[in-house]
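# Observations on chain architecture
Residues per chain, in single letters:
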Amino acid sequence: MKKIRVTISKYMGDILKYDAIEFGISKNFLLNYLVKNYSLLREKNIPEFHGEKEIVQFNLNKENEDFYTEVYNRSNFETEASLIRSLIYGYISQSKVIRERFIFKKLIKRIERGIKTKKKIKIKFETAEKIVSPYNILYSSMEVSNYLFCYLEEENVYKNYRLYNIKYVYILDEKRYSGDAEYFERVKGNFDPFLSYGMEVMIRLSGKGKEKYDRIKTNRPKLIEKLDDRWVVEGSEEKIKRYFAYFMSDVEIILPLSLREWFSVEAKNMINMYKKDEE
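Residues numbered from 1 in each chain as written. Predicted model: local features only at pLDDT ≥ 70, side-chain atom pairs only at ≥ 80, totals over all residues. Heavy atoms only, no water.

### Focus on the nonpolar core
The biggest cluster of nonpolar side chains holds 50 residues, and the ones touching the most others in it are Ile84, Ile88, Tyr91, Ile103 and Ile123. The leading source of residues in this core is helix α5 (residues 80–92), at seven residues. Excluding anything up to four places from it in sequence, Ile103 contacts Phe23, Ile25, Leu30, Tyr33 and Tyr91. Grouped together as the second largest cluster of nonpolar side chains are 14 residues, Tyr213, Ile240, Phe247 and Val251 included. (Core = buried A, V, L, I, M, F, W, Y, C linked by side-chain atoms within 4.5 Å. Buried < 20%, exposed > 50% of the residue type's maximum accessible area, 1.4 Å probe, protein only. Helix = DSSP H or I, 4+ residues; strand = E, 2+ residues; numbered from the N terminus. Contact = heavy atoms within 4.5 Å.)

### Describing the packing of aromatic side chains
Tallied over the entire structure, the rule returns 26 aromatic pairs. Between Tyr33 and Phe102, the aromatic rings sit 5.1 Å apart at their centres with planes inclined by 70°, giving edge-to-face as the arrangement. Of the two residues, Tyr33 is situated in helix α2 (residues 27–36) and Phe102 in helix α6 (residues 96–103); the sequence distance between them amounts to 69 residues. For the pair formed by Tyr33 and Phe102, the shared burial category is buried. (Phe/Tyr/Trp six-rings, centres within 6.5 Å; stacked < 30°, edge-to-face > 60°.)

### So, the pairing of strand β9 (residues 222–227)
Regular strands show a simple pattern: their side chains alternate between the two faces of the sheet. Across five bridges, β9 lies against strand β10 (residues 230–234) in antiparallel orientation. Bridging across to β10, Leu227 finds its partner in Arg230. Here β9 folds back onto β10 in antiparallel fashion, the turn holding two residues, of which Asp228 has a positive phi close to 55°. (Pairing = 2+ DSSP bridges.)

### Quick look at the sheet that holds strand β5 (residues 146–152)
Taken in spatial order, the five strands of this open sheet run β6-β5-β4-β3-β7, and their pairing is antiparallel. Each edge of the open sheet is held by one strand with a lone partner, namely β6 (157–162) and β7 (168–175). Direction aside, the axes of adjacent strands within the sheet are offset by 45° on average. As defined by bridge partners, strand β3 (residues 119–124) adjoins strand β4 (residues 129–139) across four bridges and the pair is classed as antiparallel. Paired with Lys122 across the strands is Ile131, a residue of β4. The sheet strands contacting helix α8 (residues 181–189) are β4, β5 and β6, and the helix crosses β4 at an angle near 55°. (Axes fitted to C-alpha atoms, helices over the stretch in contact; angles between N-to-C directions.)

### Remarks on the pattern of salt bridges
Scanning the model with the defined rule gives 20 salt bridges in all. For Arg74, the salt bridge goes to Glu70, with nearest N and O atoms at 3.1 Å. Of this pair, Arg74 and Glu70 are both found in helix α4 (residues 62–74), four residues apart, which corresponds to roughly one turn of the helix. Overall, Glu70 belongs to the partly exposed group, its relative accessible area being 45%. (Salt bridge = Lys/Arg side-chain N within 4 Å of Asp/Glu carboxyl O.)

### Observations regarding α6
The buried fraction of α6 is high, at six of eight residues. All of the buried residues along α6 are Lys96, Val97, Arg99, Glu100, Phe102 and Ile103.

### Section: the sheet that holds strand β8 (residues 200–205)
The strand order across the open sheet built from four strands is β9-β10-β8-β11, with neighbouring strands paired in antiparallel fashion. Unpaired on one side and paired on the other, β9 and β11 (251–255) mark the two borders of the sheet. For this sheet, the mean inter-axis angle between neighbouring strands, taken without regard to orientation, is 35°. Relative to β10, β8 is paired through four bridges, and the arrangement is antiparallel. Bridge pairing links Met202 to Val232 in β10. Sitting on the sheet, helix α10 (residues 237–244) is in contact with β8, β10 and β11, with an inclination near 20° to β8.

### What to know about the packing of α2 against α4
At a minimum axis distance of 10 Å, the contact between α2 and α4 shows a crossing angle of 40°. As far as their axial angle goes, α4 and α2 are oblique. In this structure, α2 crosses over α4, and the sense of that crossing is left-handed. Of the residues in α4, those in contact with Asn32, Val35 and Lys36 of α2 are Glu63, Asn64, Phe67 and Tyr68. Grouping the constituent residues of the contact of α2 with α4 by class yields three nonpolar, two polar and two charged. (Parallel < 35°, antiparallel > 145°, perpendicular 65-115°, else oblique. Left-handed = near helix turned anticlockwise from the far one by under 90°. Nonpolar A, V, L, I, M, F, W, Y, C, P; charged D, E, K, R; others polar.)

Below is the structure:
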């Protein structure tokens, strides 16, 4: 088994590590995958790197050994390290959603086949499986993650599943749920991973809360209307919980009452937790 060793900039190494963790794959698998897809990644015009560097090493798997030797011998790279460095740069220079689609292209092809033939698919996760009607693979406006937009009949709801959480896809011989074409276009035209369309929430923000709202853009609920000291924003309960939990006392959820109650209970639980230190 051939061991590959190459020096790269630390920021390149950080992206490789982050992607391996995020996508649920080993770094050894990721680097072998880059070698296997040499023709799609080779990049000769690599900028000169400054700053902190690190050494990356991995074992070339048996499937890649002969291919790698042939590619290197036929290439114009002076060293093996420069070849691997070019593959890594070709990979990390893409946006995260493109890198994710590259890693999971086989999975995407199966999903797209189900979409094209208008069939239901069975998607398998680590510990569960679902039968869904697939419509599209979309990504968030911040280009952070890809999602399978589909309909889950057992819950009678439209859902988004993160692509990297799906381990396998089976195409079933059953027509998918036809769904609402107008809704599909709305989702596609203004994609929200939380499917918050039409879900209004009334809040009150402190001065610091307004600064946080302006600054934190990831998963930010859309502002619909300002009513004196109250704002109406668009967001599902899950989206509101994730986004505003960070605001602590700089946000008050006014409506709906169910969401206000959730924040109230969480705040009381936090107070009780810290009170234990005073007893």
